Amino acid sequence: MTIPCRKCGRPAIIYQKYSGLHLCRDHFCEDIERKVKLTIRQKYPVGKNETIAVAFSGGKDSSVALYLMNMIFGQRRDIRIVAITIDEGIEGYRNLSVERTREFTKKLGIEHIVRSYKEEYGKTMDEIVSEKNLKENFSSGERKEIGPCSYCGVLRKKILNRVASEIGASKLVIGHNLDDEAQTIMLNHLRGDVEKMVRFSSVTPLENFVLRIKPLRKIPEREVALYARLHDMPMELTACPHSYGALRKEVRGMLNNFEISHPGTKYSLVRGFDTLVPMVAAALPESPMTICRICGEPCNDNVCQACRMLEKTVMDE
Ligand code: SF4
Ligand SMILES: [Zn+2]
Ligand SMILES: [Zn+2]
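Residues numbered from 1 in each chain as written. Chains lettered and ligands numbered in written order. Predicted model: local features only at pLDDT ≥ 70, side-chain atom pairs only at ≥ 80, totals over all residues. Heavy atoms only, no water.

Peer 1: I keep staring at the coordination of the zinc ion (ligand 3) and nothing clicks. Help me out?
Peer 2: Reference geometry at the metal: tetrahedral coordination by four donors gives ideal angles of 109.5 degrees; octahedral coordination by six donors gives 90 or 180 degrees. Coordination of the zinc ion (ligand 3) by the protein involves Cys292 (SG), Cys295 (SG), Cys304 (SG) and Cys307 (SG), with metal-donor separations of 2.3 to 2.4 Å. Geometry at the zinc ion (ligand 3) is tetrahedral, judged from its four donor atoms and the angles of 105 to 115° they form at the metal. Counting the intervening residues between successive donors of the zinc ion (ligand 3) yields the motif C-x2-C-x8-C-x2-C. Of the residues examined, Cys292 reaches a relative accessible area of 3% and is grouped as buried. (Donors = N, O, S within 2.8 Å, 3.2 Å for Na, K, Ca; no water. Tetrahedral: all angles 85-135°; square planar, octahedral: opposite > 155°, others 65-115°. Buried < 20%, exposed > 50% of the residue type's maximum accessible area, 1.4 Å probe, protein only.)

Written out as structure tokens, the structure is:
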């Protein structure tokens, strides 16, 4: 039986349990685009003559983020959009998606910069993982917190910030969807790391850091995936061989179960966190930014997290 779209009566392609709406293709896309525009307007207003960098891995989330930023701002002559792809050096995974990112940016006519861990750090992610036995240590429980993804995330963020700074970007778009946001909030609570999370959720940029913005943070993952499929966008074909986020997987499962029995849970978690951020931020002591003595990049210690991780790699050899 075909269920009609609540707005126009044509066949629906999705049911949004949290809103109670059945939507057809056109009204579903319109809904996504409206929510993304609203998030940008309310949380990260874009002014005149801005350069917007988009972290573009080639997966569904960053593809949708790039596509929508281009749809919303691509016609404005005073706005420059630049996609940045980081090649971590993961054989059988990233080398395939880098090719797809080139095709997609070419198709959209968007400026594209590709940087790699090898160029920046002298090592690929595959080499870092095997030098440090990251997978073995992590899965054997020796290093509960520092798995491959913790290293990889820090190293990637550093290059993205540097490249965005170099091109004069005022904003750096990250394709996190609602599920990613809800999981990160819950994970940081579970790790007792609320302070870090609040500092990096600021809507004003930290000194020397390009403001990270997340226009998809109100869109559930399955809707981002559907939007990507409807627009023939690149999707992740293979899984990263180093992905070991055991705790994140548990949290993801827990939140998905909650969402089934209590639709709207993920939205509530993100909304509640947004209400807390300004209050907690006002109570936090100032955290003066300094410059890393090894690489000269901004950080809030003498040595930035990336250099500490790479130094450890060298020291352990
Ligand atoms: S899954 Fe983890 S190791 Fe693989 S690319 Fe993503 S962050 Fe890096
Ligand atoms: Zn409709
Ligand atoms: Zn450094």
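Peer 1: Quick question: what am I supposed to make of the coordination of the zinc ion (ligand 2) here?
Peer 2: Binding of the zinc ion (ligand 2) to the protein goes through Cys5 (SG), Cys8 (SG), Cys24 (SG) and His27 (ND1), at separations of 2.1 to 2.3 Å. Note that the zinc ion (ligand 2) binds four donor atoms; their angles at the metal cover 101 to 113°, and the shape is tetrahedral. The motif formed by the donor residues of the zinc ion (ligand 2), counted along the single chain, is C-x2-C-x15-C-x2-H. In this pair, Cys5 is assigned in the segment before strand S1 (14-16) and His27 in helix H1 (residues 25-43), connecting sequence segments 22 residues apart. Across this residue pair, the class does not change: Cys5 and His27 are buried. (Helix = DSSP H or I, 4+ residues; strand = E, 2+ residues; numbered from the N terminus.)

Peer 1: Would you explain the site of ligand 1 in this entry?
Peer 2: Taken together, Ile90, Tyr93, Cys149, Cys152, Arg156, Cys240, His242 and Ser243 make up the full set of residues adjacent to ligand 1. Taken together, the residues of the shell around ligand 1 sort by class into five nonpolar, two polar and one charged. (Near = heavy atom within 4 Å. Nonpolar A, V, L, I, M, F, W, Y, C, P; charged D, E, K, R; others polar.)

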